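Notes for the structure review
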Amino acid sequence: YVQASQWKQDAGALKVANCTAHNGEGGGGFAFSDSHLEQFRGEMLFLGCSSPSYGGGLNFRSNSSLKQVGGSIQLQSCEAKLYGGCLTMFEGLSFDANGTMSFFNCSARIKSALYVETNRVTLSTVVVRDGASSDAADLVTVYTTGSLDVKKLEVQNVRERNFAMSATAITVHDPFDCQTANQSCLLHAPSVQVAKILCPSGTGLTYVQGEPAGCNVCDRQHMQLKASAFVPCTPCPDEGTKRCEPGQIEMQKGFMVEVLNSDINDLKVHHCLNPKACPGGLLPRSASMPMCTPGYTGKACLFCEAMHATSDADVLSCVKCASTFWMKTSQFCWIIMKDATHSSFSHDIFYSFSFKWSPVRRSM
């Protein structure tokens, strides 16, 4: 508990584990009141700390501040019964973190990872993993009453819940990486500026005042099939679709889809002339449910793959070529016999035709 003083770390490693606050002021790991935390180098780890009120790992009150010039601060598996499972700042002077801050597996009733009351929050590198609020109505993981300026933001597996960052204005300088988030990944602010947003499959870009502000799960009958995309959701194909989910589509038997321009979201539906060639596959592709039956390929699964050839019995069917010596020999003999039979048959027809036909000469 630091009051009217300063805690400074120049190097080394500090670990605070399994600590609990028993009063209402919070701060299971460290509590600051009219005080300042400064980190220049080194590491701080707050592990398994909890509070019955605010700031399971770190709590700042009454004109306190955090200044991180370098190093890393990691808060992991921390819990608060009310606000900020990892870190809380009430009536703070400043929050300026230019090292790396990581919030792993934080939980709280409201604003699970970070809750800060100050005019401006500056963060260099922030990693948020498995943060969730116990209040189902609260989707916000990082919250500040002022503006938020982040250089690099990465979100990972938010406990199959939504991730949201809320402030009066949000700026993210590097691409906002939501690829490993399970569901929505949103920036809530009247003004949002972000270089680029990488959305996982099943989600597409959502906009605030015409500007990209995060990834949202696609609506019904809409899809986004790329694993990493800076695109909105698109409507599902109208024809031949058996099932269309945000991150996957399944075709009916006798239909297949062609990917255009190497863009898995740009699709053209084909009706197959040979229904057996199109089993009704999945996209993205699945080994157990391919778009074309093995041996077939191309648009409408109309062509034969390598080591396959058109069947004699059906020009729309493909059969596998011989692979062993005896099968190749047998197939070669069959081809010779077939060609010999065809040649003999053609000769008989020609001979019969030549023998029966003769020109008629008129006498003058």
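This write-up is about the structure you can find in this document. (Residues numbered from 1 in each chain as written. Predicted model: local features only at pLDDT ≥ 70, side-chain atom pairs only at ≥ 80, totals over all residues. Heavy atoms only, no water.)

Topic: the state of the cysteines
Under the criterion given, the structure shown has 7 disulfides. Here cysteine 272 is linked by a disulfide to cysteine 278, with a sulfur-sulfur distance of 1.8 Å. Of note, the bridge from cysteine 272 to cysteine 278 carries an S-S torsion of about -85 degrees and is left-handed in sense. Note on cysteine 272: relative accessible area 1%, which makes it buried. A relative accessible area of 0% places cysteine 278 in the buried class. Free cysteine: cysteine 19, not disulfide-bonded; nearest cysteine sulfur from cysteine 49 at 4.8 Å. Residue class for cysteine 19 comes out partly exposed when judged on its relative accessible area of 28%. Between cysteine 321, a cysteine without a disulfide, and cysteine 304, which holds the nearest cysteine sulfur, the sulfur-to-sulfur distance is 8.4 Å. (Disulfide = S-S within 2.5 Å. Buried < 20%, exposed > 50% of the residue type's maximum accessible area, 1.4 Å probe, protein only.)

Remarks on the sheet that holds strand S4 (residues 30-33)
With respect to topology, 10 strands assemble into an open sheet ordered S1-S4-S8-S12-S15-S18-S20-S23-S27-S26, the strand pairing being mixed. Sheet topology places strand S1 (2-3) and strand S26 (203-208) at the edges, where each strand pairs with a single neighbour. As defined by bridge partners, S4 adjoins strand S8 (residues 58-61) across 4 bridges and the pair is classed as parallel. Residue pairing across strands places phenylalanine 30 opposite leucine 58, the latter belonging to S8. (Pairing = 2+ DSSP bridges. Helix = DSSP H or I, 4+ residues; strand = E, 2+ residues; numbered from the N terminus.)

Things to note about a nonpolar patch on the surface
Taken together, the side chains of Leu273, Leu302 and Phe303 define a hydrophobic patch exposed on the protein surface, amounting to about 310 Å² of accessible area. Structurally, the position occupied by phenylalanine 303 is in strand S36 (residues 303-304). (Patch = residues over 30% accessible without salt bridge, like charges linked within 9 Å, V, L, I, M, F, W, Y side chains within 5 Å. Areas by Shrake-Rupley, 256 points an atom, 1.4 Å probe, with all protein chains shown as cover. Salt bridge = Lys/Arg side-chain N within 4 Å of Asp/Glu carboxyl O.)

Some words on the sheet that holds strand S31 (residues 248-251)
Within a sheet, adjacent strands bond to each other through the backbone by hydrogen bonds, running parallel or antiparallel. Taken together, 3 strands build an open sheet; the order of strands is S30-S31-S34 and the sheet is antiparallel. Bordering the open sheet on either side are strand S30 (241-245) and strand S34 (282-283), each of which pairs with just one other strand. Where S31 lies against S34, 2 bridges are found, and the strand directions are antiparallel. Across the sheet, residue glutamate 250 finds its bridge partner in S34, namely leucine 282.

Some thoughts on the packing of aromatic side chains
Across all of its chains, the model carries 10 aromatic pairs by this definition. Seen from their ring centres, tyrosine 54 and tyrosine 83 are 5.9 Å apart, and the 40 degrees between their planes marks the pair as tilted. One end of the pair, tyrosine 54, is in the loop between strand S7 (50-51) and S8; the other, tyrosine 83, is in strand S11 (residues 79-83), and 29 residues separate them in sequence. Judged by relative accessible area, tyrosine 83 falls into the partly exposed class, the value being 26%. Counting every residue linked through ring pairs, the aromatic cluster contains Trp7, Phe30, Phe32, Phe46 and Phe60. The ring centre of tyrosine 143 lies 5.1 Å from the NZ or CZ of lysine 111, which sits over that ring. It is arginine 129 that lies over the ring of phenylalanine 104; its NZ or CZ is 4.1 Å from the centre. (Phe/Tyr/Trp six-rings, centres within 6.5 Å; stacked < 30°, edge-to-face > 60°. Lys NZ or Arg CZ within 6 Å of the ring centre and 35° of its normal.)

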